[in-house]
Structure formats: C-alpha cells, structure tokens
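# A closer look at the structure
One letter stands for each residue in the lines below.
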2 protein chains.
Amino acid sequence: MFTVREARPEDSEHIVRMIKELAEYEKLAHQVIQTAEGHTVVGYALYFFSYVGWKGRTVYLEDLYVMEELRGKGIGSALLRKVAEIALQNKCSLLNFVVLNTNFPSIDFYQAKGAVDLTKSEGWHLFRLGQEQLEKLAGGKGQNAPASPSP
Amino acid sequence: MFTVREARPEDSEHIVRMIKELAEYEKLAHQVIQTAEGHTVVGYALYFFSYVGWKGRTVYLEDLYVMEELRGKGIGSALLRKVAEIALQNKCSLLNFVVLNTNFPSIDFYQAKGAVDLTKSEGWHLFRLGQEQLEKLAGGKGQNAPASPSP
C-alpha cells in the first residue's frame, strides 16, 4: 500500500537520497542495484510548468523515480497519474520529458502510457550549454580576460 | 542597430506573430520565407527556470527566434547572451533546449556557442504525452466510461 501526496519540507532528506539514486541509475541505465531498506518515502516526481509557444501551457517532468525494490507495484503509474491530473487541472495539454535511449524499462513504461518518442518521430534533439559556455557567452570569466602584467 | 530588453505586455501582438512564424519555420525547417516588413520587435527568447535533480537550477530555453530577414546580424547571439547572463545571475549552471535535427542553421549556431547535442552524445530522447493520453492517465474522459444503457 502506498499514497501519493505533495512533497513536504521534512521529505527533503529522502528526496535528496533518491535524486542521488536516480543519478546513479541513469549512469548504469538498467543495471542498478539498490540497497535501501525500510524507507517510508520511496519515490518522487519532480515537475514544473512551462510554456510551449503555440501550444500553450505545458508540464515538464524532470524526474520520475521509484526505488528499485518497489518497482512493478504501480507506484510509478500512480505518480504519473497524479502528474497528469495536475497537468489537466492547470490547463496543460502536454507533458514533456527526456529518457535515455538505453533505459528500456522506462521507455516501455512510458510508451505503455501512450507516450511518443519525439526524437524518433520528429527529430528533436536535446542540446545543452554548460556553465563554462554560459560564462563565455555572458562575457564573464574566462573570456576577454586582460593578460596579467608581465613581472 | 537593435536592443535586447524584457518583453512588455504591449509586445504581445508581436510575440504571438513570431510564435506563429516559428511554428511555420519548424514545419519547414530551413526553407521558410518570411514576408514581414517594418516590424520593430523582430525576435524573442522564451525561457523558464527549472530544476534538474542533482544539478540544481537550470534554464530551459523554449524558443529563440529572429525574423528571417534580420538573421546574420548578431540579434540571435545577443538574445542568447542575455539568456546566459540571466541564467548565471540566477545561479543556473545549465541551459537546456531542443532543436530539430533538420534545422542545420540553428544547430550550427548553437554548436558555435559551445552547445553539446546530448541526444547524440548521451542518448537522451524527448518524449511527450499529449492531452488524450493525459486524460486517459488521469482517469478522465474516454477511459472507464460506463457503457450507455441499451435502449
């Protein structure tokens, strides 16, 4: 048995733990081994609202995570259902997210819910500018720095 | 000459126009023809803040658009520079966005700024659940509807 509810400040420790677990999982894709036991907060969904030009309000699902030992019990589905409800309540007609193409269990999970791989079907690629590039762009550290005066 | 500033309510008409132009552009990839003339608002960047689990705050760049006739003059670079400044001012160390893999001018533009294609390098795919799937998930319209009584 489990319940789905909004996160509370006192959940922070659990959420930080699971964010780390998810980062490990994504490194290892589907070969991760979890060792956690006895936790009462066992999964989380991290989402935010965005705005996609001509499509209006959108929800972006950043993370959806359920501890390894507790998968296959409908917890992930319940979390995703709640996010879908929140999306519709907020007049959002799209839920976007990214998945590693080696993460087959997740791809199966989302496709079973009707999700479409827009990278495959339309050719959308995810790009990133990291901190160093942002600093260069913004004209900050590392760019156009005056040469040190020679001794 | 051009200036980069925050959008104001009175820009709405121009922004809606350009959102539509961008939608057309993305349909046509790089073969779009623009007909607009005499506009004083000629480009826009649409971004929002998000939170990527273990990486902290992030900026998501939803749209970056400059009217066809005015490309190649540094306007897009100035918009992206401003977004980079805003990202850093807000303690964001990542700027994420998606690009169509047929949109070569944009890919060249972003890669010249140091952007990395995470779909190619790490295998991230963009997925989407649309309104119909969200409604099914949320248990709303179309799912588990009671059968109409037979006449």
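Please refer to the structure higher up on the page.
So, here is what we can say about the structure in this document. (Residues numbered from 1 in each chain as written. Chains lettered and ligands numbered in written order. Predicted model: local features only at pLDDT ≥ 70, side-chain atom pairs only at ≥ 80, totals over all residues. Heavy atoms only, no water.)

This part covers the overall build of chain A. Helix and strand counts for chain A come out as five helices and five strands. Listing the helices and strands of chain A from first to last along the sequence gives α-β-β-α-β-α-β-α-β-α. Across the 151 residues of chain A, 46% fall into the buried class. For chain A, the proportion of contacts with a sequence separation of at least 24, taken over those separated by at least 6, is 59%. (Helix = DSSP H or I, 4+ residues; strand = E, 2+ residues; numbered from the N terminus. Buried < 20%, exposed > 50% of the residue type's maximum accessible area, 1.4 Å probe, protein only. Contact = heavy atoms within 4.5 Å.)

Turning our eyes to something else, we now look at the interface of chain A and chain B. Chain A puts 56 residues into the contact, and the matching count from chain B is 56 residues. It is A:Trp124, A:Phe127 and A:Arg128 in chain A that bury the most area against chain B; as a group they hold 16% of the surface buried on that side. Run the count over chain A and chain B and you get zero salt bridges. Sort the elements by how many residues they give to the side of chain A that touches chain B and strand S3 (residues 94–100) of chain A lands first, with seven residues. For the side of chain A that touches chain B, the residue count by class is 31 nonpolar, 13 polar and twelve charged. (Buried area = accessible area lost by both parts, 1.4 Å probe. Salt bridge = Lys/Arg side-chain N within 4 Å of Asp/Glu carboxyl O. Nonpolar A, V, L, I, M, F, W, Y, C, P; charged D, E, K, R; others polar.)

To continue, consider helix H3 (residues 104–112) of chain B. In an α-helix, one turn spans 3.6 residues; hence positions three or four apart end up facing the same way. Residue and element names in this part refer to chain B. Those residues of H3 lying buried are Ser106, Ile107 and Tyr110. Projected down its long axis, H3 shows its buried positions confined to an angular sector of 100 degrees, all on one face. Turned more than 90 degrees from where H3 packs its buried face, Asp108 and Ala112 sit exposed. At the C-terminal side of H3, Gly114 shows a positive phi close to 100 degrees. (Arc of directions from axis to C-beta.)

Turning our eyes to something else, we now look at the relation of the copies chain A and chain B. After a rotation of 180 degrees and a shift along the axis of 0.0 Å, chain A superposes on chain B with an RMSD of 0.0 Å. Considering both components of the superposition, the chain copies are consistent with a two-fold axis. (Least-squares fit on C-alpha atoms with pLDDT ≥ 70 in both.)

What follows concerns the packing of aromatic side chains. Residues and elements named next belong to chain B. What the rule picks out here adds up to 14 aromatic pairs over all chains. On the basis of an interplanar angle of 80 degrees and a centroid distance of 6.2 Å, the ring pair of Tyr47 and Phe49 is categorised as edge-to-face. On the numbers, 4.4 Å between centres and 45 degrees between planes, the contact of Phe97 with Tyr110 is tilted. Taken as a pair, Phe97 in strand S3 (residues 95–100) and Tyr110 in helix H3 lie far apart in primary sequence, 13 residues in all. (Phe/Tyr/Trp six-rings, centres within 6.5 Å; stacked < 30°, edge-to-face > 60°.)

This part covers the pattern of salt bridges. Residue and element names in this part refer to chain B. For the structure shown, the criterion picks out ten salt bridges over all chains. Taking the shortest distance from any N to any O, the salt bridge between Glu21 and Arg17 comes out at 3.0 Å. Separated by four residues within a single helix, Glu21 and Arg17 lie in helix H1 (residues 12–28), roughly one turn from each other. For Glu21, a relative accessible area of 11% translates into the label buried. With relative accessibility at 17%, the residue Arg17 sits in the buried group.

Residues and elements named next belong to chain A. The phi torsion at Lys91 lies on the positive side, around 65 degrees, for a residue other than glycine. Tracing the backbone shows Lys91 in the loop between helix H2 (75–89) and S3. Overall, the relative accessible area of 69% leaves Lys91 in the exposed class.

Turning next to the pairing of strand S5 (residues 124–129) of chain B. Among the six residues that make up S5(B), six are buried, leaving the element largely enclosed by the rest of the structure. Judged by which residues are buried, S5(B) turns out to be covered on both faces: B:Trp124, B:Leu126 and B:Arg128 on one side and B:His125, B:Phe127 and B:Leu129 on the other are all buried. As paired elements, S3(A) and S5(B) share six bridges and run antiparallel to each other. When the bridges of S5(B) are listed, A:Leu100 appears paired with B:Trp124. As defined by bridge partners, strand S4 (residues 116–117) of chain A adjoins S5(B) across two bridges and the pair is classed as antiparallel. Looking across to S5(B), one finds that A:Asp117 is bridged to B:Phe127. (Pairing = 2+ DSSP bridges.)

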